[in-house]
Amino acid sequence: MSIWTKRHVTVVVSGGIASYKALVLIRSLMKQGAVVRVAMTTHAAKFITPLTFQTLTQQPVVIDEFTTTDPHHVVHVALADWTEVMILVPATANLIAKVANGLADDAATTTILATTAPKFVVPAMNSHMYVNPATQRNLKQLTTDGLHVLTPATGMLAEGYSGQGRLPEPAVILAWLTDQLIQLTPDLPLAGRRVVVTAGGTREALDPVRFITNRSSGKMGYAVAQVARELGATVTLISATTHLAAPSGVKVVTVDSAQSLLTAVSDIFDDTDILVMAAAVSDYRPAELADQKIKKPADHADLTLRLTETPDILKTLAARKHQQYVIGFAAETQSLLANANRKLTSKKLDLIVANDVSKPGVGFNGDTNQVTLLRPEQQPVTTELTTKTAIAKQILMTAIADGAGTQA
Ligand code: C5P
């Protein structure tokens, strides 16, 4: 399930060189579960044929309001009433001008005027047309009228020079649309909840160039952050170094060592409803931090590193716990449930996600996981081996079922 599942989405395509990118966006929306229909201007049909959109969406394309043979059916009104989300992409200066002034002189603009659904506008045009005061005035009018407008990207234009006016990449448009839609959907299960997620493996410095770390990729924590956002939460992701792109609509705070992670979590803990400690926090750090790169001893003798324990973040915060629902992870290679249960109690957790990281397809680095969810006084629940996104959803839905973030 995504926020797009079964949504009736009408994509209005106007005529520009970026029209073809609407195809990629439509495909992504359909992959997310949306049911997409297209209305297009006659200019758009000069760039991409209606048949292309019809074949992709498996729905009739609205382009001419006078072609219907059904006397009881007003094409643009039927489409306008069917629409739950309307996206104007690419929106040319001409389409924007018409919409800003309430013109309805073809099927596309008539459908736009006739729908009460939220409207999202993705402008794309030549940079001089974009900065023209008339276009800027029209865009401002759209915002005043309650339409949501994405700022175009800056880069190489079809004209062969660089400027602002490019259609952002479809993935960027989808991320923006998803986040806008979440904000407009008040009944999501985590709406109004503040979720803090930690992710990735900490780094404990030995000297200016070396550190001790672990195999955590951060994928599990990033999946939890993304799903929490999709469920409507305000999400802060406190991330140790990873190679992952930040999920859209999520505030990211980057940290390095266990100590810096503790400081970051501690700062936000009082304003947190659900804390998900998915970070693989180093249990030890070098007792001394050398201020210069450590040299090989001249006699090639063994080098001994002395390690000292890092603060246990969850244990430190347990004493300050009030309304927070706290979720920990236990990555184990033996005695999974016994070790996880011990941590559940000693860290005063509401839920612990136990991971047998010795099993193939489970735990660090991969895209899949299989976990057991343990809660005080409750039967353990073992998930199937599935994607980290599906596991993230299961963890959060379990927390929601427990009333997470609503405790006094
Ligand atoms: O004791 P162990 O490190 O296995 O516990 C794992 C859980 O405790 C994880 O949720 C991890 O983020 C958290 N942890 C912590 N502070 C540490 C080490 C781990 O909060 N120093």
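All of these numbers come straight from a predicted model, not from anything done at the bench.

Novice: Sorry if this is basic, but what is going on with the pairing of strand E7 (residues 162–166) here?
Specialist: A regular strand places its side chains on the two faces of the sheet in alternate fashion. Where strand E6 (residues 153–156) lies against E7, four bridges are found, and the strand directions are antiparallel. Along E7, the bridge assignment pairs Thr154 with Gln164. As consecutive antiparallel partners, E6 and E7 are separated by five residues, and within that stretch Gly160 has a phi angle of approximately 95°, a positive value.

Novice: Honestly, the domain arrangement of the protein in this entry has me stumped. Any pointers?
Specialist: In many analyses, interface size is given as the accessible surface area lost on bringing the parts together. For the protein, the assigned domains read domain 1 (8–183) and domain 2 (194–286 + 307–401). Listed per partner, the contact involves four residues of domain 1 and five residues of domain 2. Roughly 380 Å² of surface becomes buried between domain 1 and domain 2 when both sides are summed, with 55% attributable to carbon and sulfur atoms. Among the residues domain 1 hides against domain 2, the three largest losses belong to Ala175, Asp179 and Ile182. Together they make up 85% of the total.

Novice: In this structure, what is going on with a nonpolar patch on the surface? I would like to understand it.
Specialist: A contiguous nonpolar patch, built from Tyr284, Leu303, Leu305 and Leu307 and spanning about 390 Å² of accessible area, is present on the exposed surface. The topology assignment puts Leu307 in strand E15 (residues 307–309). By relative accessible area, Leu307 is classed as partly exposed at 41%.

Novice: Explain the packing of helix H5 (residues 93–100) against helix H8 (residues 133–144) to me, please; I cannot follow it from the model alone.
Specialist: To describe two helices that pack against each other, one gives the angle between their axes and the distance between the axes. For the pair H5 and H8, the least separation of the axes is 9 Å and the interaxial angle reads 50°. It follows from the interaxial angle that H5 and H8 lie oblique. The element H5 and its partner H8 pack so that their crossing is left-handed. Along its contact with H5, which presents Ala93, Ile96, Ala97, Val99 and Ala100, the element H8 presents Thr135, Asn138, Leu139, Gln141 and Leu142. Within the contact of H5 with H8, the residues separate by chemical class into seven nonpolar, three polar and no charged.

Novice: Just to check I follow, could you spell out the packing of aromatic side chains for this structure?
Specialist: Pairs of aromatic rings are described using the distance from one ring centre to the other and the angle between the two planes. According to the stated counting rule, one finds one aromatic pair in the structure shown. Relative to Trp176, the ring of Phe120 lies with its centre 5.9 Å away and its plane at 90°, an arrangement referred to as edge-to-face. Within this pair, whereas Phe120 is found in strand E4 (residues 119–123), its partner Trp176 is found in helix H9 (residues 170–183), the two being separated by 56 residues in sequence. With respect to burial, Phe120 and Trp176 carry one shared label: buried.

Novice: Is there a simple way to think about the site of the ligand in this case?
Specialist: Of all residues adjacent to the ligand, which total 13 residues, the nearest are Met277, Ala279, Pro311, Phe329 and Lys343. Take Met277: an N or O atom from its main chain is 2.7 Å from an oxygen atom of the ligand. Interatomic distance of 3.0 Å between a side-chain N/O atom of Lys347 and an oxygen atom of the ligand. Out of a free accessible area of 450 Å², the ligand has 88% covered by protein chains. Within the residue set of the shell around the ligand, elements represented by two or more residues are helix H12 (313–318) and strand E16 (325–332). Here the residues of the shell around the ligand are counted per class, giving seven nonpolar, two polar and four charged.

Novice: What exactly am I supposed to notice about the sheet that holds strand E5 (residues 148–149) here?
Specialist: Backbone hydrogen bonds hold the strands of a sheet together, and the pairing may be parallel or antiparallel. With parallel pairing, five strands are arranged side by side in an open sheet as E2-E1-E3-E4-E5. On the outer flanks of this sheet lie strand E2 (35–40) and E5, each paired with one strand and no other. Pairing of strand E1 (residues 8–13) with E2, which is carried by six bridges, proceeds in the parallel orientation. For Val12, the partnering residue across the bridge sits in E2 and is Ala39. Taken strand by strand, H5 contacts E1, strand E3 (85–91) and E4, and its axis lies near 135° from that of E3. Sheet strands in contact with helix H6 (residues 107–114) are E1, E2, E3 and E4, and its direction is about 140° off that of E3.

Novice: I tried to follow the side chain of Thr202 on my own but got confused; where do I start?
Specialist: As for its placement among the helices and strands, Thr202 is situated in the loop between strand E8 (194–199) and strand E9 (204–205). A polar contact is formed between the side chain of Thr202 and the backbone nitrogen of Ser282, at a distance of 2.9 Å. With residues up to four places along the chain from it excluded, the contact list for Thr202 reads Ile212, Thr213, Asn214, Ala240, Asp256, Ser257, Ala258, Leu261, Ala280, Val281 and Ser282.

Rules of the game
Residues numbered from 1 in each chain as written. Predicted model: local features only at pLDDT ≥ 70, side-chain atom pairs only at ≥ 80, totals over all residues. Heavy atoms only, no water. Pairing = 2+ DSSP bridges. Helix = DSSP H or I, 4+ residues; strand = E, 2+ residues; numbered from the N terminus. Domains from an automatic or database assignment. Contact = heavy atoms within 4.5 Å. Buried area = accessible area lost by both parts, 1.4 Å probe. Patch = residues over 30% accessible without salt bridge, like charges linked within 9 Å, V, L, I, M, F, W, Y side chains within 5 Å. Areas by Shrake-Rupley, 256 points an atom, 1.4 Å probe, with all protein chains shown as cover. Salt bridge = Lys/Arg side-chain N within 4 Å of Asp/Glu carboxyl O. Buried < 20%, exposed > 50% of the residue type's maximum accessible area, 1.4 Å probe, protein only. Axes fitted to C-alpha atoms, helices over the stretch in contact; angles between N-to-C directions. Parallel < 35°, antiparallel > 145°, perpendicular 65-115°, else oblique. Left-handed = near helix turned anticlockwise from the far one by under 90°. Nonpolar A, V, L, I, M, F, W, Y, C, P; charged D, E, K, R; others polar. Phe/Tyr/Trp six-rings, centres within 6.5 Å; stacked < 30°, edge-to-face > 60°. Near = heavy atom within 4 Å. Polar contact = N/O pair within 3.5 Å; in protein donor to acceptor, adjacent residues only side chain to side chain.

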